[in-house]
Amino acid sequence: MLVEVCGTIQDGVLAYKSLTFRCLKLGDNFWKEVLDFLKGEDEENRNVEHKISTINRFKLQVISHLPPKHVQVELTTKCNLKCKFCIRSNEIDGDMSMELFKSIIDQLRRYKPLTRTLDFTGVGEPLLCEHLIPSIKYAKRYGFTVSFISSFTFMNQALASDLVKAQLDNLYVSFDGVSKQTFEKIRIGASFEQVLENIKLFISVKNRLKSFKPRLVLRPTIYPDNVHEIPQFFELAEKLKVDGVSFGDYVVRGESAGLPINNKPKRRKKISLFNFGRNFPPCISYCYISFDGKVLPCGYLTQMVPRKDYPLFQLGDLNQNSFSEIWFGQRYKHFKSKIMSSNPHPKCTTVSKCYQ
Ligand SMILES: C[S@@+](CC[C@H](N)C(=O)[O-])C[C@H]1O[C@@H](n2cnc3c(N)ncnc32)[C@H](O)[C@@H]1O
Ligand code: SF4
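On a predicted model such as this, the values are computed, not experimentally measured, just so you know. (Residues numbered from 1 in each chain as written. Chains lettered and ligands numbered in written order. Predicted model: local features only at pLDDT ≥ 70, side-chain atom pairs only at ≥ 80, totals over all residues.)

**A look at the site of ligand 2**
Phase 1 of the analysis: Lining the immediate surroundings of ligand 2 are Cys 79, Leu 81, Lys 82, Cys 83, Cys 86, Arg 88, Val 123, Gly 124, Glu 125 and Ser 151.
Phase 2 of the analysis: In terms of residue class, the shell around ligand 2 is built from 5 nonpolar, 2 polar and 3 charged. (Near = placed C-beta within 6 Å. Nonpolar A, V, L, I, M, F, W, Y, C, P; charged D, E, K, R; others polar.)

Structure follows, in structure tokens:
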């Protein structure tokens, strides 16, 4: 955080102000209030924790006026599996059109470097998107960091080589059980042995092409059926020589299940732990774009509500408005102020988790 590298808190606030003033519509009163508060000498204001929490609140206010840091773009809704906990059912099978995809990237690249990372995961299997490789190349051309999650059921030599050459940054493999029994009980339609083989094949292609990218990460979604296997995922990751493990938090329709993945297992020396217990960045600097151009504020939502209910939550439609009209528009402003208040949207059960 910027204030940590500045001499005093006041300097930090001023630096924040000067760095962001062009993007911000915050009036002078706002900054006067910040400085008055920080200079305050009463008991309450001398309390360091109170000051830090206030700075975090101001930081959130600042972030809420900036373009998103991270955008999730759903490339496809097509899928070959019927995973036990996935909301996907009766989906319309479709890819995002290349025209819409390019228009999204062209709009987001104006916000670089503030908008930095793209995730091509949606409720579908990215490897089934017909223009996956051209899409990665297009986004990489403008310097975005690109990642996605895959079931790895369709991985093959040619695709592995194309993904490495396209310079994909991070590739997460959904891997929900260390044994065939657990894995196939959850990932219905996938073969445990086949996915393991595909992981090994991918690593061999990466090695042959002498590439560090993409970082290959095992991504178990923690569910009642596999929660007991958490420590073994690390052993498997070490054996396979993947780059890390990232546990996903299982979400049930309507709420976050909050299974005990907060009991952080001991970190292994060789295996990194990515995004532990936090799947999505806070929604004030993140958004989700569905394959047909709807802008949603939260990725969790896509596992909590069926697609037919998206209109209740969506904050815009890229077929009707530009990204900037949506992101900086009235509806989004209202949403952000509500989410930062002590009284967020009643459907949002993850907000406390995002900001903890
Ligand atoms: C929706 S899938 C799409 C990508 C790809 N089809 C796959 O399964 O890897 C993305 C991730 O969400 C996880 N997921 C599915 N249903 C979920 C749920 N109800 N709660 C949390 N994560 C879920 C999957 O296990 C997967 O890791
Ligand atoms: S979790 Fe992924 S692979 Fe499984 S059904 Fe959902 S979209 Fe398909």
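Okay, back to it.
**Section: the pairing of strand S4 (residues 170-174)**
Along any regular strand the residues' side chains alternate between the sheet's two faces.
Phase 1 of the analysis: When you tally the buried positions in S4, you get 5 out of 5 residues, the bulk of the element.
Phase 2 of the analysis: In S4, alternate side chains face the same way, and those of Asn 170, Tyr 172 and Ser 174 on one face and Leu 171 and Val 173 on the other are all buried.
Phase 3 of the analysis: Relative to S4, strand S3 (residues 145-150) runs parallel, the two sharing 4 bridges. Among the inter-strand pairings, Ser 150 is bridged to a residue of S4, identified as Val 173.
Phase 4 of the analysis: Of the pairings in the sheet, the one linking S4 to strand S5 (residues 215-219) comprises 5 bridges and is parallel in character. Bridged to Ser 174 within S5 is Arg 219. (Buried ≥ 20, exposed ≤ 12 C-beta atoms within 10 Å, placed from the backbone. Helix = DSSP H or I, 4+ residues; strand = E, 2+ residues; numbered from the N terminus. Pairing = 2+ DSSP bridges.)

**Observations concerning unusual backbone geometry**
Phase 1 of the analysis: Omega for the peptide link from Lys 112 to Pro 113 comes to 5 degrees, which places this bond in the cis form.
Phase 2 of the analysis: Within the secondary structure, Pro 113 sits in the loop between helix H6 (98-108) and strand S2 (117-119).
Phase 3 of the analysis: Cis geometry is found at the peptide bond from Lys 213 to Pro 214, where omega equals -5 degrees.
Phase 4 of the analysis: Position of Pro 214 relative to the elements: it lies in the loop between helix H10 (192-208) and S5.
Phase 5 of the analysis: Here the phi dihedral of Phe 152 falls at roughly 65 degrees; this positive angle occurs in a residue that is not glycine.
Phase 6 of the analysis: Along the chain, the position of Phe 152 falls in the loop between S3 and helix H8 (157-165).

**With respect to the packing of H8 against H10**
Phase 1 of the analysis: In contact at an axis separation of 9 Å, H8 and H10 are set at 50 degrees when each is read in the N-to-C sense. With respect to H10, the axis of H8 lies oblique. When the axes of H8 and H10 are compared, the crossing they make is right-handed. The segment H8 lies against H10, with Gln 157, Ala 160, Ser 161 and Val 164 engaging Leu 201, Phe 202, Val 205 and Lys 206.
Phase 2 of the analysis: Split into classes, the residues belonging to the contact of H8 with H10 amount to 5 nonpolar, 2 polar and 1 charged. (Axes fitted to C-alpha atoms, helices over the stretch in contact; angles between N-to-C directions. Parallel < 35°, antiparallel > 145°, perpendicular 65-115°, else oblique. Left-handed = near helix turned anticlockwise from the far one by under 90°. Contact = placed C-beta atoms within 7 Å.)

**A word on helix H7 (residues 132-141)**
Phase 1 of the analysis: Inspection of H7 places Leu 132, Ser 135, Ile 136 and Ala 139 among the buried residues, and these make up the whole buried set. Along the long axis of H7, the arc covered by the buried residues comes to 100 degrees, so they all point the same way.
Phase 2 of the analysis: Elements in contact with the buried residues of H7: H6, S2 and S3.
Phase 3 of the analysis: Positive phi appears at Gly 143, one or two residues downstream of H7, with a value of about 80 degrees. (Arc of directions from axis to C-beta.)

**Section: the confidence of the model for the protein chain**
Phase 1 of the analysis: Confidence in the prediction of the protein chain, expressed as mean pLDDT, is 80, and 70% of residues score 70 or more.
Phase 2 of the analysis: Segment residues 256-267: pLDDT under 50, and 24 contacts once partners within four positions in sequence are set aside and those in other chains are kept.
Phase 3 of the analysis: Here residues 273-281 is a poorly scored stretch, pLDDT under 50, and it has 23 contacts once near neighbours within four places are set aside; other chains count. (pLDDT = per-residue confidence, 0-100.)

**Points about the environment of Ser 324**
Phase 1 of the analysis: For Ser 324, the location among the structural elements is in helix H14 (residues 323-327).
Phase 2 of the analysis: Considered as a pair, Ser 324 and Pro 67 are 257 residues apart in the sequence and their alpha carbons are 8.3 Å apart.

**What about the environment of Leu 209?**
Phase 1 of the analysis: Its location among the elements puts Leu 209 in the loop between H10 and S5.
Phase 2 of the analysis: When the 12 C-beta atoms within 10 Å are taken as the criterion, Leu 209 is described as exposed.
Phase 3 of the analysis: In this structure, the C-alpha to C-alpha distance between Leu 209 and Lys 165, residues 44 residues apart in sequence, is 8.4 Å.
Phase 4 of the analysis: Setting aside residues no more than four positions away along its own chain, Leu 209 makes contact with Ser 161 and Val 164.

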